[in-house]
Amino acid sequence: NKIPAPFVAYSDCEAISNKNIITEHKTTEVLANHNICRYAYKLVCTIDDRFSKPLKLYRGENAAYKFIEDMLTVLF
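Here the structure is a predicted model, which is why all the values come from computation and not from measurement. All residue numbers here refer to positions counted from 1 along the written sequence of the relevant chain. In view of the model being predicted, local features appear only for residues whose pLDDT reaches at least 70, and side-chain atom pairs are presented and counted only at 80 or more, with totals across whole chains, interfaces and linings using the full set of residues. Water and hydrogen atoms were dropped before computing side-chain values, which therefore reflect all heavy atoms in the structure.

Caption draft 1: Structural context of the overall build of the chain. When helices and strands are counted, the chain shows one helix and three strands. Put simply, the chain runs from its N terminus to its C terminus through helices and strands in the order β-β-β-α. For the exposure calls, accessible area comes from a 1.4 Å probe over protein chains only, and a residue counts as buried if that area is under 20% of its type's maximum, exposed if over 50%, partly exposed in between. Per-residue burial for the chain yields a buried fraction of 14% across its 76 residues. By definition, residues are in contact when any of their heavy atoms lie within 4.5 Å. Contacts spanning at least 24 positions in sequence make up 42% of the contacts within the chain whose residues lie at least 6 apart. Total accessible area computed for the chain in this model is approximately 6600 Å², and 56% of it derives from carbon and sulfur atoms. We count a stretch as a helix when DSSP gives it H or I for four or more residues in a row; a strand needs E for two or more, and each element gets its number in order from the N terminus. Accessible areas in this description were obtained via Shrake-Rupley with a 1.4 Å probe; residue shielding takes into account the shown protein chains only.

Caption draft 2: Fine view of the pattern of salt bridges. Each reported salt bridge corresponds to a side-chain nitrogen of Lys or Arg within 4 Å of a carboxyl oxygen of Asp or Glu. For the coordinates displayed, the defined rule picks out four salt bridges. Measuring nitrogen to oxygen at the nearest pair gives 2.6 Å for the salt bridge that ties D48 to R50. The shortest N-O distance in the salt bridge between D70 and K56 comes to 3.4 Å. Here K56 lies in strand β3 (residues 56-59) and D70 lies in helix α1 (residues 63-75), a separation of 14 residues in the sequence. A residue is classified by how much of its surface remains accessible, and D70, at 8% relative accessible area, is buried. Among the charged side chains, a salt-bridge network with shared partners connects K56, K66, E69 and D70.

Caption draft 3: Highlighting the packing of aromatic side chains. Stacked, tilted and edge-to-face are the three classes assigned to paired rings of Phe, Tyr and Trp, where Trp is represented by its six-membered ring and a pair needs centres within 6.5 Å; plane angles under 30 degrees give stacked, over 60 edge-to-face, the rest tilted. Enumeration over the complete set of coordinates arrives at four aromatic pairs. For the ring pair Y41 and F67, a centre distance of 6.3 Å and an interplane angle of 75° mean the geometry is edge-to-face. Note that Y41 is positioned in strand β2 (residues 27-45) and F67 in helix α1, a separation of 26 residues in sequence. Residue Y41 is classed as buried on the basis of its relative accessible area, which comes to 7%. A connected cluster of aromatic rings, assembled from ring pairs, spans Y39, Y41, Y58 and F67.

Caption draft 4: Region of interest: a nonpolar patch on the surface. To count toward a patch, a residue needs a relative accessible area above 30% and no salt bridge. Like charges then connect within 9 Å, nonpolar side chains (Val, Leu, Ile, Met, Phe, Trp, Tyr) within 5 Å. The grouping of I68, L72, L75 and F76 at the surface amounts to a nonpolar patch, some 490 Å² of accessible area in total. Here I68 is to be found in helix α1. What makes I68 partly exposed here is its relative accessible area of 49%.

In structure tokens:
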């Protein structure tokens, strides 16, 4: 028996990749640093559509921080 989820959040993030070379413990590893530059999300209520939120798009600096901030605002 399963209880249906009353809310579903769909989200997508886009990131810019910057390659960095890091030397540790006598080995060299090429790692990529991903900086989120934009995101989109939509919150859907499966019980009552009045509680669903429209698609939200954001592009700009500190997109990762802004995404978390928006999620906390929408959910709480």
